[in-house]
Amino acid sequence: ALLSTASAISLAAARNRAVTAQQAAAEHAAAAGKQRDAALETLRKLVFEVQDEMEQEVVDLDEIQKSLLTIALDGLREVATSADNRGVTNYSTAAAEYRMAEILARLDDIDGSERELRRAENILQLLVKETGGDPRAGLLLADVYSLLGDIAIETEGIDSADRFVKQAATLRSKFGDAEQE
């Protein structure tokens, strides 16, 4: 009877582990499904909405790039909410935010450009902190500060850009060396 009680307890524990593993697998499958759906929706938008824009008689490349990046950023943000590998997703999102900021600056949307740069800055600061100094994130953060410095020069004068220039130089000095190793 003692052996059968121990077997019953062992069997119950194995069942509990199997149920827990099955629940975890279902959660992972649901998250993967959400990511797949977000990626497919992003691709659909890229194919159809960009095609619609390109069919216009006058094509403005900056506007098309802006549309592409807007769609891509929305998709990246959606995928990032359920991604297991947040570091890669976050870096990609920050890089897209930076590119969007460049486009907005070329389109003279300084406020929009600065908003995108601040988003990229927040993501990259976290990445650098979480990874203990990812060189790609650090160098992209330096680029963000350089563009913020350019915007500061335009909007506030050269003196206001000094802190951004110093931050960019510090990051390039630190991470430029790490990238070459």
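Further up the page is the structure itself.
The following paragraphs examine the structure supplied in this document.

### Notes on the overall build of the protein
Along its length, the protein carries six helices and zero strands. Along the chain direction, N to C, the helices and strands of the protein fall in the order α-α-α-α-α-α. Per-residue burial for the protein yields a buried fraction of 34% across its 181 residues. At a minimum sequence separation of 6, the contacts of the protein that also span at least 24 residues come to 62%. For the protein, the computed accessible surface area is about 11400 Å², with 54% contributed by carbon and sulfur atoms.

### Focus on the nonpolar core
If you look at the biggest cluster of nonpolar residues, it comprises 28 residues, and the most contacted ones within it are Tyr91, Leu117, Leu124, Leu140, Val144 and Tyr145. Elements that contribute at least two residues to this core include exactly α3 (86-106), α4 (110-131), α5 (135-156) and α6 (162-180). The element best represented in this core is α5, accounting for 11 residues. Every residue in contact with valine 144, bar those within four places of it in the chain, is listed here: Tyr98, Leu117, Ala120, Glu121 and Leu124. The next biggest cluster of nonpolar side chains, apart from the first, holds six residues, and it includes Leu73, Ala96, Met100 and Ile103.

### As for α4
Counted at 1.5 Å a residue, the expected span for α4 with its 22 residues is 32 Å, and the 31 Å between its end C-alpha atoms agrees. Restricting attention to buried positions, one finds in α4 the residues Ile110, Gly112, Ser113, Glu116, Leu117, Ala120, Glu121, Ile123, Leu124, Leu127 and Val128. Phi for glycine 132, located one or two positions after α4, is positive at around 75°.

### Structural notes on α5
Taking 1.5 Å of rise per residue, 22 residues should cover 32 Å, and α5 covers 30 Å from first to last C-alpha, within 8% of that figure. The distance from a side-chain oxygen at the start of α5 to the backbone nitrogen of arginine 136 is 3.1 Å, and the residue carrying that oxygen is aspartate 134.

### Thoughts on unusual backbone geometry
One non-glycine residue, aspartate 108, lies in the positive phi region at around 60°. Locating aspartate 108 in the fold gives a position in the loop between α3 and α4.

### Observations regarding the pattern of salt bridges
Evaluated as defined, the whole model comprises five salt bridges. For arginine 118, the salt bridge identified is with glutamate 114, shortest N-O distance 3.8 Å. Remark: glutamate 114 and arginine 118 occur in helix α4; sequence separation between them is four residues, near one turn of the helix. Here arginine 118 falls in the partly exposed class, since its relative accessible area comes to 26%. One salt bridge in this structure joins arginine 172 and aspartate 143, with 2.7 Å as the shortest N-O distance.

### Here we look at the packing of α4 against α5
For the pair α4 and α5, interaxial distance at closest approach is 9 Å and the crossing angle is 150°. When the axes of α4 and α5 are compared, the pair comes out roughly antiparallel. Here α4 runs over α5; the crossing is left-handed. Contact residues: Ile110, Ser113, Glu114, Leu117, Arg118, Ala120, Glu121, Leu124, Gln125, Leu127 and Val128 in α4; Ala137, Gly138, Leu140, Leu141, Val144, Tyr145, Leu147, Leu148, Ile151, Glu154 and Thr155 in α5. The residue inventory of the contact of α4 with α5, partitioned by class, reads 14 nonpolar, four polar and four charged.

### Notes on the packing of aromatic side chains
A ring pair, where both rings are aromatic, is described by two values, the distance of the centres and the angle of the planes. For the structure on display, the rule yields one aromatic pair. Judged by centre distance (6.4 Å) and plane angle (25°), the ring pair of tyrosine 145 and phenylalanine 164 falls under stacked. With a gap of 19 residues between them, tyrosine 145 in helix α5 and phenylalanine 164 in helix α6 connect regions that are remote in the sequence. For the pair tyrosine 145 and phenylalanine 164, one class covers both residues: buried. Residue placement shows arginine 136 over the ring face of tyrosine 91; its charged tip is 3.8 Å from the ring centre.

Reading guide: rules and limits
- Residues numbered from 1 in each chain as written.
- Predicted model: local features only at pLDDT ≥ 70, side-chain atom pairs only at ≥ 80, totals over all residues.
- Heavy atoms only, no water.
- Helix = DSSP H or I, 4+ residues; strand = E, 2+ residues; numbered from the N terminus.
- Buried < 20%, exposed > 50% of the residue type's maximum accessible area, 1.4 Å probe, protein only.
- Contact = heavy atoms within 4.5 Å.
- Areas by Shrake-Rupley, 256 points an atom, 1.4 Å probe, with all protein chains shown as cover.
- Core = buried A, V, L, I, M, F, W, Y, C linked by side-chain atoms within 4.5 Å.
- Expected span 1.5 Å × (residues − 1).
- Polar contact = N/O pair within 3.5 Å; in protein donor to acceptor, adjacent residues only side chain to side chain.
- Salt bridge = Lys/Arg side-chain N within 4 Å of Asp/Glu carboxyl O.
- Axes fitted to C-alpha atoms, helices over the stretch in contact; angles between N-to-C directions.
- Parallel < 35°, antiparallel > 145°, perpendicular 65-115°, else oblique.
- Left-handed = near helix turned anticlockwise from the far one by under 90°.
- Nonpolar A, V, L, I, M, F, W, Y, C, P; charged D, E, K, R; others polar.
- Phe/Tyr/Trp six-rings, centres within 6.5 Å; stacked < 30°, edge-to-face > 60°.
- Lys NZ or Arg CZ within 6 Å of the ring centre and 35° of its normal.

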